[in-house]
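Breakdown of the fold
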Amino acid sequence: MEEVKLFRTWSSPFALRVVWALKLKGIEYETIYEDLANKSSLLLKYNPVHKKIPVLLHNGTPICESLVILEYIDETWNKTTPLLPKDPLARATTRFWAKFNDEQLAPSVFHAYTSQGVEQEEAKAPALKNLEIVEKQLKGKKFFSGETIGFLDLAFGWIANYLEIFEETSGIKLLEEERFPLIMLWKDNFYNISIIKESWPDREKLVTKFKVMREYFLSVKASK
């Protein structure tokens, strides 16, 4: 009998990617919630390098980093519901854009969210530029992966919910429908898929958490 466990926090969008992938593949798993302010000995054991979530434990073997975990899930289970395309070039392109999200888009939005005043206005420009790049990837497509959701939709999935939370808790506005009609359409299509929708964290709890988180980052900046 297979043993599948997922170490995560309730609010992490990176862990949500893994939740979605497991559900899309129909994999039963046990959730182990971590308190990152007081990390468990098991988390430190299974991810001694980065000491963070998510960590997927499959029959006692840990797999770390959300995008790596997604690929592992795709290669291990239910080949009838692929996340990555079969074509090598398409797979490479998918990996490129997933990396773009994690290394450019998400950090630029997070910078804007954790800024205020003049710094926040300056931070908007790169965030908007990155969103414009993402917008172009949806041209002629319902999802990033085509007509059905796949790897890239899970990678960009945080946009469908967390971006709005960032906007509400920081007072910044990035996702305008006139400027980003394709992202807005994708957002609605993705958000309302049953497996996706049922997995979103409680919105009020998220707003509260990200308000507190923003205040913390602002206080750290002010103390420097």
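Residues numbered from 1 in each chain as written. Predicted model: local features only at pLDDT ≥ 70, side-chain atom pairs only at ≥ 80, totals over all residues. Heavy atoms only, no water.

Looking at the largest pocket, its volume works out to about 1,000 Å³. Breaking the lining of the largest pocket down by element, the ones donating at least two residues are α1 (13-25), α3 (66-76), α4 (88-113), α6 (151-155), α7 (162-170) and α10 (203-223). When its residues are assigned to classes, the lining of the largest pocket shows 21 nonpolar, six polar and seven charged. Here the second largest pocket is characterised by a volume of approximately 180 Å³. Forming the boundary of the second largest pocket are P85, A90, T93, T94, W97, Q137, K141, F144, S145, G146 and L152. At four residues, the largest contribution of residues to the lining of the second largest pocket is made by α4. Of the residues contributing to the lining of the second largest pocket, the split by class is five nonpolar, five polar and one charged. (1 Å grid on protein atoms, 1.4 Å probe; cavity = no way out; pocket = protein on both sides within 12 Å on 5 of 7 lines; lining within 4 Å. Points joined across faces, edges and corners; volume = space filled by probe spheres on them. Helix = DSSP H or I, 4+ residues; strand = E, 2+ residues; numbered from the N terminus. Nonpolar A, V, L, I, M, F, W, Y, C, P; charged D, E, K, R; others polar.)

Let's shift gears to the side chain of S108. Along the chain, S108 turns up in helix α4. From its side chain, S108 meets the backbone oxygen of L105 in a polar contact 2.7 Å long. (Polar contact = N/O pair within 3.5 Å; in protein donor to acceptor, adjacent residues only side chain to side chain.)

Among the residues making up α3, those that are buried are S66, L67, I69, L70, E71, I73 and D74. Considering only its buried residues, α3 is in contact with α1, β3 (55-58), β4 (61-64), α4 and α6. Taken from the residues just after α3, N78 is the one with a positive phi, measuring 45°. (Buried < 20%, exposed > 50% of the residue type's maximum accessible area, 1.4 Å probe, protein only. Contact = heavy atoms within 4.5 Å.)

This part is about helix α8 (residues 181-191). Within α8, burial applies to I183, M184, W186, K187 and F190. Looking straight down α8, one finds its buried side chains confined to an arc of 165°; they lie on one side. In this structure, the buried side of α8 is in contact with α1, α5 (117-136), α6, α7 and α9 (194-197). (Arc of directions from axis to C-beta.)

Before going further, it helps to examine the packing of α5 against α8. It is at 8 Å that the axes of α5 and α8 come closest, and there the two elements cross at 70°. With respect to α8, the axis of α5 lies roughly perpendicular. Taken as a pair, α5 and α8 cross one another with a handedness that is left-handed. Contact residues: α5 offers L131, V134 and E135, while α8 offers P181, L182 and I183. (Axes fitted to C-alpha atoms, helices over the stretch in contact; angles between N-to-C directions. Parallel < 35°, antiparallel > 145°, perpendicular 65-115°, else oblique. Left-handed = near helix turned anticlockwise from the far one by under 90°.)

This part is about the packing of aromatic side chains. Counting across every chain of the model gives 20 aromatic pairs. Seen in terms of ring centroids, W158 and F166 are 6.3 Å apart; in terms of plane orientation they differ by 50°. Their pairing is tilted. The two residues W158 and F166 agree in class, both being buried. Aromatic side chains Y162 and W200 sit 6.5 Å apart centroid to centroid with 55° between the ring planes, which places their arrangement in the tilted category. Of this pair, Y162 sits in helix α7 while W200 sits in the loop between α9 and α10, and the two are 38 residues apart along the sequence. Note on accessibility: Y162 and W200 belong to one class, buried. Sitting above the plane of the W10 ring, K205 keeps its charged end 4.5 Å from the centroid. (Phe/Tyr/Trp six-rings, centres within 6.5 Å; stacked < 30°, edge-to-face > 60°. Lys NZ or Arg CZ within 6 Å of the ring centre and 35° of its normal.)

The next thing to look at is the sheet that holds β4. Hydrogen bonds between backbone groups are what pair the strands of a sheet, and the pairing can be parallel or antiparallel. Strand order in this open sheet of four strands is β2-β1-β3-β4, and the pairing throughout is mixed. Either end of the sheet is taken by a strand with one partner, and the two such strands are β2 (30-33) and β4. Averaged over all adjacent pairs, the angle separating strand axes in this sheet is 25°, with direction ignored. Relative to strand β1 (residues 4-8), α1 is tilted by about 155°, and along the sheet it contacts β1 and β3. (Pairing = 2+ DSSP bridges.)

This brings us to the UniProt feature "domain: GST C-terminal" (unreviewed entry) in the protein chain. Mapped onto this structure's residue numbering, the UniProt feature "domain: GST C-terminal" (unreviewed entry) falls at residues 87-210. Within residues 87-210, the helical portion is 67% and the strand portion 0%, while the C-alpha atoms at the span's ends are 39 Å from each other. (UniProt positions renumbered as here; feature names shortened; annotations may be inferred.)

The next subject is unusual backbone geometry. Following I53, the chain continues into P54 via a peptide bond in cis, with omega recorded as 0°. Assignment of secondary structure puts P54 in the loop between α2 (41-46) and β3. Of note in this structure, E65 is not a glycine but carries a positive phi near 75°. Tracing the backbone through its elements, the reader meets E65 in the loop between β4 and α3. On the accessibility criterion, E65 (31% relative accessible area) is partly exposed. We note that N78 has phi near 45°; this positive angle belongs to a residue other than glycine. Position of N78 among the secondary structure elements: in the loop between α3 and α4.

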